[in-house]
Amino acid sequence: MTRLHKVSIAFCAGALLVPVLLSDPAGAGQERTEDAAPPPAPSAADRLRVDYESGTLDSGVEGLTTTKATAPDASGVVRPAHEGSYAVQHKVTLGDPAYESNGAPRSESATDLLPSGRFVVGDEQRYEFSVQLKDWKTHTPGESESGDIVFQGKYAGDNVPAFYLMAKRDEIAFRSPHLNRQSTVVEGLGPQVNRWMRFRVDARWTTDGTGYFRVAVRLSGEDGYRPVVAYENVCTYQPENPADHGYLKWGLYRPSQSIGNGDVPTRIVQHDDLRVTDLS
């Protein structure tokens, strides 16, 4: 069982899924499928909810963006889902420029243009999402140990993420680059392939040592969340370049991976029921 790890720093440092809607490179032309329900309004507790029940890549949320990769299956809305009828799927094939966005092998959705999907210094927020590693080839000793990033809290502009979750070797890990901290949050990916996992990240965004990252996990068959990692009393907002806000990205980003390194050529990941909640 995964143990809860706490770090304190006093100074700043399923079944075959068939896509029913595909993205278009310009982000336009997203029409609702015939049997899709109108997108529900966020509950009073949700700052933002993205559940894809509109049957569209923007989930009926104006300003939600998707990948710039040009492959027709780089992103799409699929069924079944974790909650409701639809989820989003992202796919990346290494060595094929049609699966590259901004010059890197990735296919992601993002909230940069959504005020409700941004964070600034002083915010205290909760981020929840479900993820499924679709037909995922698990790690074998001796293979490349590069990580596949599936969710990010990203500073705006040309900055490294504030935090991210990635599938690396035979685990899901949580990492904060500026804090130079990384912790395992799910051990043993084999039993989790093609099964939905749910994650919760709580964050207080500060430029002094009063911030925190707290991560909890709920795997298939579990009744509730289990706290697995807590980085307490840390500086959480540390962009290297000026950034007046941060935002969220989800999908698949495969940095430093290549066919030559022996990395798995094609990966597919699915996400569903993303929520942002104000805690302060």
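The residue numbers shown here count from 1 along each chain, following its written sequence. Only residues with pLDDT of at least 70 get local features here, since the model is predicted, and only at 80 or more are side-chain atom pairs given and counted; chain-wide, interface and lining totals rely on the full set of residues. Values reported for side chains reflect all heavy atoms of the structure, with hydrogen atoms and water molecules removed beforehand.

Undergrad: Got a minute to help me understand the overall build of the protein chain in this structure?
TA: In this description a helix means any DSSP run of H or I spanning at least four residues, a strand means any run of E spanning at least two, and both kinds are numbered starting from the N terminus. For the protein chain, the helix and strand inventory stands at zero helices and 18 strands. Burial status follows relative accessibility: with a 1.4 Å probe on protein chains alone, a residue under 20% of its type maximum counts as buried, one over 50% as exposed, and anything between as partly exposed. For the protein chain, buried positions account for 54% of its 280 residues. Surface accessibility follows the Shrake-Rupley procedure with a 1.4 Å probe radius. Residue values consider only the protein chains on display as shielding. Accessible surface, the protein chain as shown: approximately 11900 Å² in total, 48% of it carbon and sulfur.

Undergrad: What's the story with the pattern of salt bridges in this structure? I'm lost.
TA: Within this document, salt bridges are pairs made up of a side-chain nitrogen of Lys or Arg and a carboxyl oxygen of Asp or Glu, the two lying within 4 Å of each other. The final tally for this structure, using the stated rule, is 18 salt bridges. Put simply, Arg275 and Asp46 hold a salt bridge, and the shortest N to O gap is 3.9 Å. One end of the pair, Arg275, is in strand S18 (residues 266-278); the other, Asp46, is in the loop between strand S2 (18-22) and strand S3 (48-50), and 229 residues separate them in sequence. In this structure Arg275 comes out as partly exposed when scored by relative accessible area, which is 23%. Three or more residues are tied together by salt bridges with common partners; here these are Asp46, Arg49, Asp51, Arg198, Asp273 and Arg275.

Undergrad: Whenever I open this one, the side chain of Ser130 confuses me. Can you help?
TA: Counting through the fold element by element, Ser130 comes out in strand S9 (residues 124-133). A distance of 2.7 Å separates a polar atom in the side chain of Ser130 from a polar atom in the side chain of Arg198. Residue contacts follow a heavy-atom distance rule, with two residues in contact if any of their heavy atoms lie within 4.5 Å. Beyond its immediate sequence surroundings of up to four residues, Ser130 is in contact with His82, Trp196, Met197, Arg198, Gln270, His271, Asp272 and Asp273. Identification of polar contacts relies on pairs of N or O atoms within 3.5 Å, with a donor-acceptor requirement for protein atoms, meaning one able to donate a hydrogen and the other able to accept it, and with residues adjacent in sequence counted only if both atoms are side-chain atoms.

Undergrad: In this structure, what is going on with the pairing of strand S17 (residues 246-253)? I would like to understand it.
TA: Across a regular strand the side chains alternate sides, sitting on one face of the sheet and then on the other. For S17, a buried count of eight out of eight residues is recorded, marking the element as mostly surrounded by other parts of the structure. Of the two faces of S17, the one carrying Gly246, Leu248, Trp250 and Leu252 and the one carrying Tyr247, Lys249, Gly251 and Tyr253 are both buried. Two elements, strand S7 (residues 104-110) and S17, share five bridges in a ladder whose sense is antiparallel. Within the sheet, the bridge partner assigned to Ser109 lies in S17 and is Trp250. Paired strands, in this sense, are two strands between which DSSP finds at least two bridges. As judged from the two bridges shared by strand S8 (residues 118-119) and S17, these two strands associate in the antiparallel manner. Bridge assignment links Phe119 to a residue of S17, and that residue is Gly246.

Undergrad: Can you walk me through the environment of Lys137 in this structure?
TA: Inspection of the secondary structure puts Lys137 in the loop between S9 and strand S10 (147-155). Taking the relative accessible area as the measure of exposure, Lys137 reaches 41% and is therefore partly exposed. Along the chain, Lys137 and Gly190 lie 53 residues apart, while their C-alpha atoms are 8.6 Å from each other. Residue contacts for Lys137: discarding those within four places in its chain leaves Glu143, Val264 and Arg267. One polar contact links Lys137 to Glu143, side chain to side chain, over a distance of 2.7 Å.

Undergrad: Help me understand the packing of aromatic side chains, please; the structure alone is not making it clear to me.
TA: Each aromatic ring pair is summarised here by two numbers: the centre-to-centre distance and the angle between the ring planes. Put simply, two rings from Phe, Tyr or Trp (the six-membered ring, in Trp's case) pair if the centres are within 6.5 Å, and we call them stacked under 30 degrees between planes, edge-to-face over 60, tilted for the rest. Applying the stated criterion across every chain, the model contains 13 aromatic pairs. Ring centres 3.9 Å apart and planes at 5° place the aromatic pair Phe119 and Trp205 in the stacked group. Of the two residues, Phe119 sits in strand S8 while Trp205 sits in the loop between strand S14 (197-204) and strand S15 (211-218), which places them 86 residues apart along the sequence. Like Phe119, the residue Trp205 is buried in the burial classification. For the ring pair Tyr127 and Phe163, a centre distance of 6.3 Å and an interplane angle of 25° mean the geometry is stacked. Taken together, the residues Tyr127 in strand S9 and Phe163 in strand S11 (residues 161-168) connect sequence positions 36 residues apart. Overall, Tyr127 belongs to the buried group, its relative accessible area being 1%. Assessed through its relative accessible area of 0%, Phe163 is described here as buried. Members of the aromatic cluster, joined through ring pairs, are Phe119, Tyr127, Phe129, Phe151, Tyr155, Phe163, Phe174, Phe199, Trp205, Phe213, Tyr231 and Tyr237. Looking at Arg200, its charged tip hangs above the ring of Tyr225, at a distance of 4.5 Å from the centre. We call a charge positioned over a ring when the NZ of a Lys or the CZ of an Arg lies within 6 Å of the ring centre and within 35 degrees of the ring normal. One residue, Arg218, lies across the ring of Tyr225, its end atom 5.3 Å from the ring centre.

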